[in-house]
Amino acid sequence: MTALTQPSPPSGAGSAPVLTARPRRGEAVIKAALVTAAGASVLVTAGILFAVLEPAIEFFRRVPAGEFFTADTDSSYAVFPLIMGTGMTTVIALMVAVPIGLGAAMYLSEYASKRARKWLKPTVELLAGVPSVVYGFFAVFFVIPVVLQDWLGLEISAYNPLGGGLVLGVMIIPTVASLSEDALSAVPLALRQGSLAMGANRMQTTLRVVFPAALSGIAAAVVLGVSRAVGETMIVLMACGSIKNTSLDPGEGHETMTGTIARTALGESPVESTEYKYLFAVALLLFVITFVMNMISIAIVRRFRQAY
Amino acid sequence: MSTAAAATASAVTTSTLATGKSQDRNLTSLVFLGALWFSLFFGVVVLFALIVDTAISGADRFDKELFTQYTQSFDPERAEALAATGRDPKDLSAAYTGFKSGIVGSVILMITTALMAIPLGVAAAVYLEEFSSKTSRFSRIVEVNLQNLAAVPAVIYGMLAASLMAAVGAERGIAIGGAVALSLLILPVVIITTREALRSVPDEIRQGSLALGATVWQTTWRQTLPSAVPGIATGTILGLSRAIGEAAPLVMIGFGAINFAPELPYITSKIEAFPLEIYDAAQSSREIVRQAASAGIIVLLAMILGMNALAIIIRNKFQRSW
């Protein structure tokens, strides 16, 4: 709130006038080291691209692209079944994470007092701290056999995207919740006051005034949630099964992109083999997907942030 | 007068906006509020179910052997005790699974990761906050790049580290490779939280220091950084607690199945990581090994919650508000 009512003061000493009389060599060295550290993050991105591109190109030299971009499950290098698996898990995860994350964000931003928020926010964020192996274990030994098969009586296989996706959804709730909360609380107070003055109650204000006003930020939160879900590995490796499958039934086992990558790396394939190069081709696709998602998220935020 | 008005204005938040209470008491509003409460506590309930279910299935294995034995170690005494209770003899060979190599390995990984990620991350953040101008092309590129890196899947960091290690001709599965992967993974977190900590140091402190003739670097090193230490510590501990639970990047580095203690120097020794060892145990067909996995999960969660608690304590105890 304060950020809106008063412009935030300029931060950083960089903006202050520097009046050094004589140059200090030592500081030039330090500054160079700091620039290098900052630039290292760009090198990391370049490194990722190089590390993934080179073996992926090698893969496409050995295997025609048509054999990669095919839905034919008999082709051992088909990628569409994997995209199907990943897509299905992601959609199921979002069906959990978006409503629940958004609900939590609305409560924290619109209803909770400052003191309550201080305690409630960490409880939501606690979910992000649980390792994905633990979530995977929970999916395989509790959610699928106990909740889905016993309690709900569903006829599903022991490893499937339904169970994996539900647990994955729980994992990305904090991602959706904390970014949505930022978006909701960035809506100016005057809008709420206006709405309340017109006689709307708090629920109507939240749903019809604050929510639409924050929609771009919420969209960015969802997109980031998607990229988290697509890139998550251990849960889908453990819970979604290892069958290349193009059916639309989330109760059957489906292999996913990250699942293939990890399974191949855990397996015995030699590093120079085509099977091993295949995982880099899948990883390249994965990197491109998450990169595009992040760019969309950043662009949405940037584009609509200045609205108020 | 104006300060009083400002104080009132800042006291108004969304939660204190006056509304007619009666208006919020109709059925739909209450259902809506109930739904919000549900979403707020859904996560806690799931986490509770997870911990209770895992703790119950691992209840038999909260013993010291969990920490002192290696995976699938055989111990004749324990095997005999199990045989006396009429257990499946196939269980006997795995009667004594413990996670010593994983726990030791994860501690080594953590320390190495911290030594690499914290200096690099803090230096990058210091440059971005204190030295560069916010509008320069370089810092804008770095900014967008950091946002991107923060969402790159963890497996891909593992691939990068694997190819870095291959490029220098290092063996697969050694500690330093895993530490490189984890450092790269938490670097964006460290940079982002350090920047926030630096940003919360008021400008008056910098201006005071600069006015006394200190250079920008002297100001940063002697004033700004010390004031920001609690925030930086909180952020990096949270980053490390994320790293300790990661298994996916370590898979790509070739970690796994090490049943001996690492040798000095640790960083070039082959090691196992705790979460990966739990994954292996969870895949086992033997009930008794999966029990150990459950107990291991509780230990791992305790380690992570402990780190989180430490971070919160540091924040509450040392963070100054200006």
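Residues numbered from 1 in each chain as written. Chains lettered and ligands numbered in written order. Predicted model: local features only at pLDDT ≥ 70, side-chain atom pairs only at ≥ 80, totals over all residues.

Description of the overall build of chain B
- In terms of helices and strands, chain B carries 13 helices and zero strands.
- Its helices and strands taken in sequence order, chain B reads α-α-α-α-α-α-α-α-α-α-α-α-α from the N to the C terminus.
- Within chain B, the fraction of its 322 residues that count as buried is 47%.
- Restricting the contact set of chain B to residue pairs at least 6 apart, pairs at least 24 apart contribute 79%. (Helix = DSSP H or I, 4+ residues; strand = E, 2+ residues; numbered from the N terminus. Buried ≥ 20, exposed ≤ 12 C-beta atoms within 10 Å, placed from the backbone. Contact = placed C-beta atoms within 7 Å.)

Observations regarding the interface of chain A and chain B
- Taken together, the contacts link 83 residues of chain A with 83 residues of chain B.
- In terms of residue count, helix α2 (residues 25-62) of chain A provides more of the side of chain A that touches chain B than any other element does, 17 residues in total.
- Of the residues that constitute the side of chain A that touches chain B, the class distribution is 53 nonpolar, 22 polar and eight charged. (Nonpolar A, V, L, I, M, F, W, Y, C, P; charged D, E, K, R; others polar.)

Regarding the domain arrangement of chain B
All names here are of chain B.
- Once the domains are mapped, chain B shows domain 1 (25-57) and domain 2 (100-318).
- One C-alpha centre belongs to domain 1, the other to domain 2, and the line joining them spans 31 Å.
- With four residues of domain 1 in contact, the opposing surface of domain 2 contributes five residues. (Domains from an automatic or database assignment.)

Observations concerning helix α7 (residues 154-167) of chain B
Residue and element names in this part refer to chain B.
- For α7, with 14 residues, the first-to-last C-alpha span of 20 Å sits near the 20 Å given by 1.5 Å per residue.
- The element α7 is largely enclosed, with a buried count of ten among its 14 residues.
- Those residues of α7 not exposed but buried are A154, V155, I156, Y157, G158, M159, L160, A161, A162 and M165.
- Once α7 ends, the next one or two residues include G169, with phi positive near 75 degrees. (Expected span 1.5 Å × (residues − 1).)

Things to note about the environment of A:G169
Residue and element names in this part refer to chain A.
- Positionally, G169 belongs in helix α7 (residues 161-185).
- The buried category is assigned to G169, around which 26 C-beta atoms lie within 10 Å.
- Along the primary structure G169 and V226 are separated by 57 residues, whereas in three dimensions their C-alpha atoms are 9.9 Å apart.
- The residues touching G169, leaving out its near neighbours within four places in the chain, are I92, A93, L94, M95, V96 and A97.

Quick word on the packing of helix α10 (residues 216-245) of chain B against helix α13 (residues 287-318) of chain B
All names here are of chain B.
- α13 packs onto α10 with a crossing angle of 170 degrees between their chain directions and a minimal axis gap of 8 Å. Between α10 and α13, the angle is such that the two are roughly antiparallel. For the pair α10 and α13, contact is made by P230, A233, T234, I237, L238, L240, S241, I244 and G245 and by L300, M303, I304, M307, N308, L310, A311, I314, R315 and F318, respectively.
- Of the residues belonging to the contact of α10 with α13, the class tally is 14 nonpolar, four polar and one charged. (Axes fitted to C-alpha atoms, helices over the stretch in contact; angles between N-to-C directions. Parallel < 35°, antiparallel > 145°, perpendicular 65-115°, else oblique.)

What about the environment of A:M293?
All names here are of chain A.
- With respect to the helices and strands, M293 occurs in helix α13 (residues 274-305).
- Separated by 116 residues in sequence, M293 and A177 have C-alpha atoms that sit 18 Å apart.
- Those residues in contact with M293 that sit more than four places away from it in its chain are V223, V226 and S227.

Quick look at the nonpolar core
- If you look at the biggest cluster of nonpolar residues, it comprises 185 residues, and the most contacted ones within it are A:V167, A:A283 and B:I156.
- Here this core gathers at least three residues from each of two domains, domain 1 (25-57) and domain 2 (100-318) of chain B.
- Excluding residues that lie within four positions of it along the chain, A:V167 makes contacts with A:Y135, A:F138, A:A139, A:V143, A:I235 and A:A239. (Core = buried A, V, L, I, M, F, W, Y, C linked by C-beta atoms within 7 Å.)

Some thoughts on the confidence of the model for chain A
Residue and element names in this part refer to chain A.
- In the predicted model, chain A carries a mean pLDDT of 85, and 91% of its residues have values of at least 70.
- Averaged pLDDT values for the elements of chain A fall to 40 in helix α1 (residues 2-5) and rise to 93 in helix α4 (residues 80-111).
- Taken as a whole, residues 1-10 scores under 50 in pLDDT and shows ten contacts with residues more than four places along the chain or in a different chain. (pLDDT = per-residue confidence, 0-100.)

Some details on the confidence of the model for chain B
- Looking at chain B as a whole, its pLDDT mean stands at 82, while 83% of the residues score no less than 70.
- What the predictor reports for the complex is a pTM of 0.86 with an ipTM of 0.85.

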